[in-house]
Amino acid sequence: GKLGILSLLDEETRFPKGTDQTFLAKINEKFEKHGFYIKPRQAKDSFGIRHYAGEVSYEIKGFLDKNKDEASELMFDVLRNS
């Protein structure tokens, strides 16, 4: 199926060399012509989305780190050690 921004974020989080900047480059490339996507003009560390409530800007710093699912890793550790 089609990859949306969240799917691309999940995919980039799994790559060992994935960074916030590589994630931004991928969504810029994929969505630059999409009507709801706002490609950054000057700031190279953010992007925007046109929501029903207006335009919202997102800073990409820490996106990949915030997307990592540490809870499941903790559960696996508990199971391994029990």
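Shown above is the structure to which this text applies.
Overview of the structure. (Residues numbered from 1 in each chain as written. Predicted model: local features only at pLDDT ≥ 70, side-chain atom pairs only at ≥ 80, totals over all residues. Heavy atoms only, no water.)

1. Overview of the overall build of the protein chain
Inclusion rule: Segments assigned H or I by DSSP are reported as helices when at least four residues long, segments assigned E as strands when at least two residues long, and all are numbered from the N terminus. Within these notes, the globule rule equals 2.2 Å times the number of residues to the 0.38 power, and the radius of gyration is based on C-alpha atoms. Think of it in three bands: residues with accessible area under 20% of the maximum for their type are buried, residues over 50% are exposed, and the middle band is partly exposed, with areas taken using a 1.4 Å probe on protein chains only. Contacts between residues were defined by any pair of non-hydrogen atoms, one from each residue, lying within 4.5 Å. His is not counted, nor are the chain ends, whereas Lys and Arg count as positive and Asp and Glu as negative. The location of each charge is read from NZ of Lys, CZ of Arg, CG of Asp or CD of Glu.
Looking only at helices and strands, one finds four helices and three strands in the protein chain. Along the protein chain, helices (α) and strands (β) appear in the sequence α-α-β-β-β-α-α when read from the amino end. A globule of 82 residues ought to have a C-alpha radius of gyration of about 12 Å, yet the protein chain, at 15 Å, is considerably larger. With the C-alpha coordinates of the protein chain rotated into their principal frame, the extents come out at 50 × 30 × 25 Å. A total of 82 residues make up the protein chain; the buried ones form 29% of that total. For the protein chain, the proportion of contacts with a sequence separation of at least 24, taken over those separated by at least 6, is 31%. Taken as two groups, the 14 positive and 14 negative side-chain charges of the protein chain have centres that lie 7 Å from each other.

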